[in-house]
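In case you want the letters, here they are:
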Amino acid sequence: MPPTSPDGDAPPTSPHGDAPPTSPHGDAPQTGPNRDARQTGPGRDAPQSGARPLRADALRNRQRLLDTAVRAFSRQGPEVTLESIAREAGVGIGTLYRHFPTREALVEAAYRNELAKLCDAADELLTRLPPAEATRAWMDRFVDYLATKQGMADALRLVIAAGTNPYAQSRDLLVAALTRLLAAGVAAGTIRPDVDPGDVLAGLGGMSLAAQGPEQRDLAGRLLDLLMAGLRRA
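Quick caveat, the model's predicted, so the values are computed rather than measured.

Considerations on the overall build of the protein
Helices and strands together make up the secondary structure of the protein, namely nine helices and two strands. Of the regular secondary structure in the protein, the N- to C-terminal order runs β-β-α-α-α-α-α-α-α-α-α. Per-residue burial over the protein gives 47% buried out of 234 residues. Taking the intrachain contacts of the protein between residues at least 6 apart in sequence as the baseline, contacts between residues at least 24 apart amount to 74%. For the protein, the accessible area works out to roughly 11,100 Å², and carbon and sulfur atoms hold 54% of it.

See below:
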């Protein structure tokens with residue numbers, strides 16, 4: 001599996017090539033007006049304009065499907081059956097297809113959900129930690145996000161082969177999250193004011209790739225500490 005680029009945003013090369021919606025996997029999508037929701041925020045999918053909002057139980061089912069899909073595609077690759085994902089999530093296959101009409105729609109939504117959780121974490125961390133500590137905690141979450149992205153790389157090639165770039169907005173959203181964290185640190189006087197968020201993102205990606213795998217998590221932590229030391233205001 002080829003690694004992602006140091007900035008954490010480059011799509012894998014070499015498309016997988018099997019993106020038919022009806023399939024060798026036995027996943028026949030439902031026909032009808034259902035479509036995958038379009039992105040309206042930091043990686044989040046929302047109902048199209050005029051669509052009825054999802055009920056709380058439907059939202060919970062959708063989130064369980066996304067979380068299960070991340071684990072399944074990372075663990076078993078793109079060939080995992082959608083029936084097994086639905087079963088592990090505790091819902092019926094019809095429920096899965098109501099939310100995600102195709103395999104590609106599920107893969108893309110699962111990836112975008114992981115990106116959204118990471119970007120949203122910037123504001124959440126700033127509500128309970130001083131800015132410098134929030135920035136360092138966010139770096140740990142970035143390492144987890146990049147590991148998830150790499151684990152899903154083969155499945156994400158299905159999306160690319162179907163003509164969609166799931167990474168189209170990733171870098172902008174990540175830079176925006178870092179910008180909020182760094183700006184809070186500058187305002188607090190704990191982070192240098194001359195730091196470019198894009199440079200920090202590139203450094204995070206390179207460090208994460210240099211210390212891949214759970215067995216190297218201690219190394220990743222030490223590298224992140226070095227990066228954070230360089231960001232702190234003397």
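With respect to the packing of aromatic side chains
Enumeration over the complete set of coordinates arrives at four aromatic pairs. Ring centres 6.2 Å apart and planes at 35° place the aromatic pair Y111 and Y145 in the tilted group. Of this pair, Y111 sits in helix 4 (residues 103-126) while Y145 is found in helix 5 (residues 131-151), placing the two residues 34 residues apart along the sequence. Both residues of the pair, Y111 and Y145, belong to the buried class. On the numbers, 6.1 Å between centres and 35° between planes, the contact of W138 with F142 is tilted. Residue W138 and its partner F142 are located together in helix 5, separated by four residues, close to a single helical turn. Connected via pairs of aromatic rings, a cluster forms that spans Y111, W138, F142, Y145 and Y167.

A few points about the layout of surface pockets
One number sums up the size of the second largest pocket: a volume of about 190 Å³. Looking at the second largest pocket, the residues that line it are V143, D144, L146, A147, Q150, S208, A211, Q212, G213, P214 and R217. Sort the elements by how many residues they give to the lining of the second largest pocket and helix 5 lands first, with five residues. Residues of the lining of the second largest pocket, tallied by class, amount to five nonpolar, four polar and two charged.

Observations regarding helix 1 (residues 56-76)
Taking 1.5 Å as the rise per residue, helix 1 with 21 residues should run 30 Å; its terminal C-alpha atoms sit 30 Å apart, in good agreement. Among the residues of helix 1, A58, N61, R62, L65, L66, T68, A69, V70, A72 and F73 are the ones counted as buried.

A look at the side chain of S208
Among the structural elements, S208 can be located in helix 8 (residues 197-210). Setting aside residues up to four positions removed in sequence, S208 forms contacts with F142, V143 and L146.

Side note on the pattern of salt bridges
Applying the stated rule across the entire model yields 14 salt bridges. Note that E124 is salt-bridged to R141, the shortest N-O span being 3.5 Å. Pair noted here: E124 is in helix 4 and R141 is in helix 5, with a separation of 17 residues, a long-range link. Measuring nitrogen to oxygen at the nearest pair gives 3.0 Å for the salt bridge that ties D140 to R136. In this pair, D140 and R136 are both assigned in helix 5, four residues apart and thus about one turn of the helix distant.

Conventions we followed
Residues numbered from 1 in each chain as written. Predicted model: local features only at pLDDT ≥ 70, side-chain atom pairs only at ≥ 80, totals over all residues. Heavy atoms only, no water. Helix = DSSP H or I, 4+ residues; strand = E, 2+ residues; numbered from the N terminus. Buried < 20%, exposed > 50% of the residue type's maximum accessible area, 1.4 Å probe, protein only. Contact = heavy atoms within 4.5 Å. Areas by Shrake-Rupley, 256 points an atom, 1.4 Å probe, with all protein chains shown as cover. Phe/Tyr/Trp six-rings, centres within 6.5 Å; stacked < 30°, edge-to-face > 60°. 1 Å grid on protein atoms, 1.4 Å probe; cavity = no way out; pocket = protein on both sides within 12 Å on 5 of 7 lines; lining within 4 Å. Points joined across faces, edges and corners; volume = space filled by probe spheres on them. Nonpolar A, V, L, I, M, F, W, Y, C, P; charged D, E, K, R; others polar. Expected span 1.5 Å × (residues − 1). Salt bridge = Lys/Arg side-chain N within 4 Å of Asp/Glu carboxyl O.

Coordinates in, geometry out; function isn't part of it.
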